[in-house]
Amino acid sequence: TNKIARSNFWNACLGALIAYSIVQVETLGEFGVFFTLFLVGLEFSPERLRKVWKISLQGPCYMTVLMIAFGLLWGHLLQIRPTQSVFISTCLSLSSTPLVSRFLAGSVRGDKEGDIDYSSVLLGMLVMQDVQLGLFIAVMPTLIQAGMSTYSSIFKEILRILILIGQILFSLAAVFLMCLVIKTYLIGPYYRKLHGESKGNKEILILGITAFIFLMLTITELLDVSMELGCFLAGALISSQGHMVTEEIMSCIEPIRDFLAIIFFASIGLHVFPTFVIYELTVLLFLTLSVVIMKFVLAVLVLSLILPKTSQYIKWIVSAGLAQVSEFSFVLGSRARRAGIISREVYLLILSVTTLSLLLAPALWRAAIMKCVPRPERRSST
């Protein structure tokens, strides 16, 4: 009995240590996401995004609505609860911003007047999806209550969801107003002071930029907007100071980003259960290919409607970038499992399909680039 008790004790300690280590790795991985999105914002100025803001706003909204519609249809055929169908469809509609940001590093830009480059369109749509993620996290508790409510109180739940949407839109307006103030009055003096103090000592520059990143992500988090959007806006604000500033900061931050990004992508593998994947490999491959193909086709259809005729060729590249599932579905899935929206089996399916889709993403992206980008431009895009 004592041996069994000691064995159980040490097994529990080992399990707690492994869980603690996983949390630490995932935390470092989150820093990789923050620095990756900061550098993306640093490379893509607000002037470039202003050209594609209508496409960036319409595209993700249409895709999410279509994914939810297909999810409700399949849920009805498979007798799945509408709440669960909406949740799964929303998870699958999101795409991975950090992964695509790595694809876009050093990508080509449209040089012709009026031309729209695929990197701007893709980045704008991903930023809008991050906004949708924050909105869905805020609405999730009300969605849970709506699924458990009677028909007499559904109207009240719909009203609460509309109020939450209004609050999110107000928060977004407050964030962008704050960015305008920072760009006009604060960011210039702050960087000049930081640059003057960091001559011969790059550590001060790195610490100052890191502090600004965390300031922006804290503000957006307090305003119930995703932290990822705050990191992206931090980079966009710094990029407004000119090309020389962008090059200097990028040379300092890129090595840190690369190291932390490696940890982030390694942390994705921590969510895979090998025994579950082996036992359900056929089902998982079928589901993953179905999701990737469906997202690709829906993106092509939506972009065919909203892109200008002169830029229709980029729809294939943008669709390839949106075809995988975002790693933030891990977060949504965990919350939904604790709330009882989905079962453990569905949770494991979401994790496995997400991971497999992320593994397929580089091959799909390379195929789209090789097919659609002119030969002289491929080297900087792959």
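An account of the accompanying structure is given in this report. As the structure is a computational prediction, the values presented were derived from the model and not from experiment.

**Quick notes on a nonpolar patch on the surface**
And step 1. A cluster of nonpolar residues, Leu-66, Phe-70, Leu-73, Trp-74, Leu-77, Leu-78 and Ile-80, forms a patch on the protein surface that exposes about 670 Å² of accessible area.
And step 2. In this fold, Trp-74 is placed in helix H3 (residues 53–77).

**Section: the pattern of salt bridges**
And step 1. For the structure on display, the rule yields four salt bridges.
And step 2. For Glu-248, the salt bridge goes to Lys-202, with nearest N and O atoms at 3.3 Å. One end of the pair, Glu-248, is in helix H10 (residues 243–269); the other, Lys-202, is in helix H8 (residues 202–222), and 46 residues separate them in sequence.
And step 3. Assessed through its relative accessible area of 16%, Glu-248 is described here as buried.
And step 4. Judged by relative accessible area, which is 41%, Lys-202 ranks as partly exposed.
And step 5. The residue Arg-257 makes a salt bridge to Asp-258 at a minimum N-O spacing of 2.9 Å.
And step 6. Overall, Arg-257 belongs to the buried group, its relative accessible area being 7%.
And step 7. Taking the relative accessible area as the measure of exposure, Asp-258 reaches 33% and is therefore partly exposed.
And step 8. Residues joined by salt bridges that share partners form a network here, namely Glu-254, Arg-257 and Asp-258.

**Points about helix H12 (residues 281–306)**
And step 1. When the terminal C-alpha atoms of H12 are compared, their 37 Å separation across 26 residues agrees well with the 38 Å that a helix rising 1.5 Å per residue should span.
And step 2. Three or more residues of H12 are buried, namely Leu-284, Thr-288, Val-291, Val-292, Lys-295, Leu-298, Ala-299, Val-300, Val-302, Leu-303 and Ile-306.

Rules used in this analysis
- Residues numbered from 1 in each chain as written.
- Predicted model: local features only at pLDDT ≥ 70, side-chain atom pairs only at ≥ 80, totals over all residues.
- Heavy atoms only, no water.
- Patch = residues over 30% accessible without salt bridge, like charges linked within 9 Å, V, L, I, M, F, W, Y side chains within 5 Å.
- Areas by Shrake-Rupley, 256 points an atom, 1.4 Å probe, with all protein chains shown as cover.
- Salt bridge = Lys/Arg side-chain N within 4 Å of Asp/Glu carboxyl O.
- Helix = DSSP H or I, 4+ residues; strand = E, 2+ residues; numbered from the N terminus.
- Buried < 20%, exposed > 50% of the residue type's maximum accessible area, 1.4 Å probe, protein only.
- Expected span 1.5 Å × (residues − 1).

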